[in-house]
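Take a look at the letters that make up each chain.
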Amino acid sequence: MAASLFQLGLSKGDRVGIWAPNGALFYLSTLAVARAGMISVGINPAYQVPELQYALNKVGIKALIAPERYRSRSFYGMICKVVPELLTSHPEKLKSSAVPSLSTVIIDVDDKRALPGTIGYQDLLKIAPKQEQAKISSLQSSISPDSGVNLQFTSGTTGQPKAALLSHYNFINNALTVGVRNGFEENRKHRICVQNPFFHVFGMVVGITTAAGYGCTLVLPGPGFNAEESVQAIIKEKCNVIYGTPTMYVDLVNKVRESGAKLPPVDVAVTGGAPCAPKLFLDIRDVLGVKQVKTIYGLTETTAVCFQTLPIDSEENILTTVGHLGDHWEAKVVDSEGNMVPYGKPGELWMRGYGNMLGYWGDEAKTKDTFAEDNWLKTGDQFVLREDGYGKIVGRIKEMVIRGGENIYPKEIEDFLNSHPKILETHCVGVPDERMGEEICAFVRLRDSSQTMDRAELKDFCQGKIAHFKVPRYVRVVEQLPRTTSGKIQKFKLLESFLNNKD
């Protein structure tokens, strides 16, 4: 497959988009792109047409790999909306006005039909002659460990996702250290139920790369998360390790309680992607019968994990912290001036180490803003660091909302909703939710105060334009918004208003 990418006219360093749910296509494509010295770009399968077009252009994707369909959506049809030239183009010779970088579209179809303008995914196993395949092995020594291997989209306060560039060095070393903390060195026969999506750094690094490095087996319950499928996969495949976000574990615990299913012995359950409540930790242990529950903390920009539960840890540390500082990492907590605060005092967490990203693709200003002097990466998280190396999240300096493990920045949603003809102004805040951790509440001011708006109308407006997880769960129509004397919106007062008037 790596050799075939070169035969299609791609070169080292080119970006290859993978727009797909979990499955063999995503797994194999990621490894082939890395082996070719190219850069894979994971694209959320929930993206709608405008979001797909933005992603393609943001990082200059040259080839796009996707299934023909996923669930009820035609990926091929959506690609044609972005690139209508595909319908009349010769495969490998696409010229798009909307996405100038894109030259090749590779589609996985269930049968042997040839979709106009595309190359069949199965053909990647046949395109390159044997002599070209042999060249891939000799290519490996010329691929620098410090070169980019993957681009991860992560939302920013500007309202449009940034693309964090991660290296081979980032991936391999983070995966190795994660495996040590999970006990994979001693036993390489683990069967890991991976519920996290591969387009996220959790699924990509903690999932794919760690398993490959330690010879573990990955078990994918289905293309997307479904608690019933997870239960059946764990039982059928005798999984002894589970990966998931807190929201996934909430559903998994509830499904086991409802069904009375008996899981096989589970040695380790790893949770990350969002803060996990102590009650949920206990439910994972007691209801799922897990011997040890582990937590991880990290960012896309730190290649997944920089704090993690130790191999043997106390229940108190597991319940009240995000784990111990990772091996070969440095951490410090600073005030608003960048000065270190004493242990036990809250401030912004800064990280430095092997996992720090190379930077944001095509965004030097944002990269410089994220890094302080001496390569310290600003996480934006309000954090308490203990003298013994354990840490705890106490809030977020950034406005990011984490809904079921999905990172959402309100500004992106606000900018979109403000394009609604009835809306004068929108401000979104994260509000507590028992299942998802957080949901979005949109506070809107209408142009005409005599009009009304409910969530159904707002949801209809969002349909097909932004991903489903970004659509606000709650809508509050207000006449005035709380502001400071300088005119800034006081979002903490919006949250207070929601909590005082949940109905």
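Please refer to the structure higher up on the page.
Calculation rules
Residues numbered from 1 in each chain as written. Predicted model: local features only at pLDDT ≥ 70, side-chain atom pairs only at ≥ 80, totals over all residues. Heavy atoms only, no water. Helix = DSSP H or I, 4+ residues; strand = E, 2+ residues; numbered from the N terminus. Rg over C-alpha atoms; globule rule 2.2 N^0.38 Å. Buried < 20%, exposed > 50% of the residue type's maximum accessible area, 1.4 Å probe, protein only. Contact = heavy atoms within 4.5 Å. Areas by Shrake-Rupley, 256 points an atom, 1.4 Å probe, with all protein chains shown as cover. Lys, Arg positive; Asp, Glu negative; His and termini not counted. Charge placed at Lys NZ, Arg CZ, Asp CG, Glu CD. Pairing = 2+ DSSP bridges. Axes fitted to C-alpha atoms, helices over the stretch in contact; angles between N-to-C directions. Salt bridge = Lys/Arg side-chain N within 4 Å of Asp/Glu carboxyl O. 1 Å grid on protein atoms, 1.4 Å probe; cavity = no way out; pocket = protein on both sides within 12 Å on 5 of 7 lines; lining within 4 Å. Points joined across faces, edges and corners; volume = space filled by probe spheres on them. Nonpolar A, V, L, I, M, F, W, Y, C, P; charged D, E, K, R; others polar. Parallel < 35°, antiparallel > 145°, perpendicular 65-115°, else oblique. Left-handed = near helix turned anticlockwise from the far one by under 90°.

Draft legend 1. Local environment of the overall build of the chain. Across its full length, the chain carries 15 helices and 26 strands. Here the chain has a C-alpha radius of gyration of 23 Å; the compact-globule value for 503 residues is 23 Å, and the two agree. Dimensions along the principal axes, computed over C-alpha positions, put the chain at roughly 65 × 60 × 55 Å. Per-residue burial over the chain gives 56% buried out of 503 residues. Taking contacts inside the chain between residues at least 6 apart in sequence as the whole, the part at least 24 apart equals 68%. When the accessible area of the chain is evaluated, it comes to approximately 22,100 Å², of which 51% is carbon and sulfur surface. Averaging the coordinates of the 57 positive side-chain charges in the chain and doing the same for the 55 negative ones gives two points 4 Å apart.

Draft legend 2. Main features of the sheet that holds strand β24 (residues 423–433). With mixed pairing, three strands are arranged side by side in an open sheet as β24-β25-β26. Of all the strands in the sheet, just β24 and β26 (474–477) have a single pairing partner and so form its edges. Mean inter-strand twist for the sheet, computed between neighbouring axes without regard to direction, equals 25°. Bridge analysis of strand β25 (residues 437–446) against β26 gives four bridges, and the strand direction is parallel. Opposite Ala-442, over in β26, you have Val-475 as the bridge partner.

Draft legend 3. Focus on the pattern of salt bridges. In the structure shown here, the tally under the stated rule is 25 salt bridges. Residue Lys-470 is joined to Glu-51 by a salt bridge in which the shortest nitrogen-to-oxygen separation is 3.1 Å. Of this pair, Lys-470 sits in the loop between α14 (455–462) and β26 while Glu-51 sits in helix α3 (residues 49–58), and the two are 419 residues apart along the sequence. For the pair Lys-470 and Glu-51, a shared accessibility class is recorded, and that class is buried. Ionic pairing is found between Glu-330 and Arg-352, a salt bridge with its closest N-O pair at 2.8 Å.

Draft legend 4. The arrangement of the layout of surface pockets in detail. In this structure, the second largest pocket spans a volume of roughly 440 Å³. Contributing to the lining of the second largest pocket are 22 residues, with Leu-31, Ala-34, His-168, Ile-172 and Thr-209 lying nearest its centre. The element that contributes the greatest number of residues to the lining of the second largest pocket is helix α7 (residues 201–214), accounting for six residues. Across the lining of the second largest pocket, the residue classes tally to 13 nonpolar, eight polar and one charged.

Draft legend 5. A look at the packing of α3 against helix α4 (residues 75–82). Interhelical geometry of α3 versus α4 gives an angle of 65° and a closest axis separation of 9 Å. Classed by the angle they form, the pair α3 and α4 counts as roughly perpendicular. Our pair here, α3 against α4, has a crossing hand that is right-handed. Between α3 and α4, the contacting residues are Val-49, Leu-52, Gln-53 and Leu-56 on the first element and Met-78, Ile-79, Lys-81 and Val-82 on the second.

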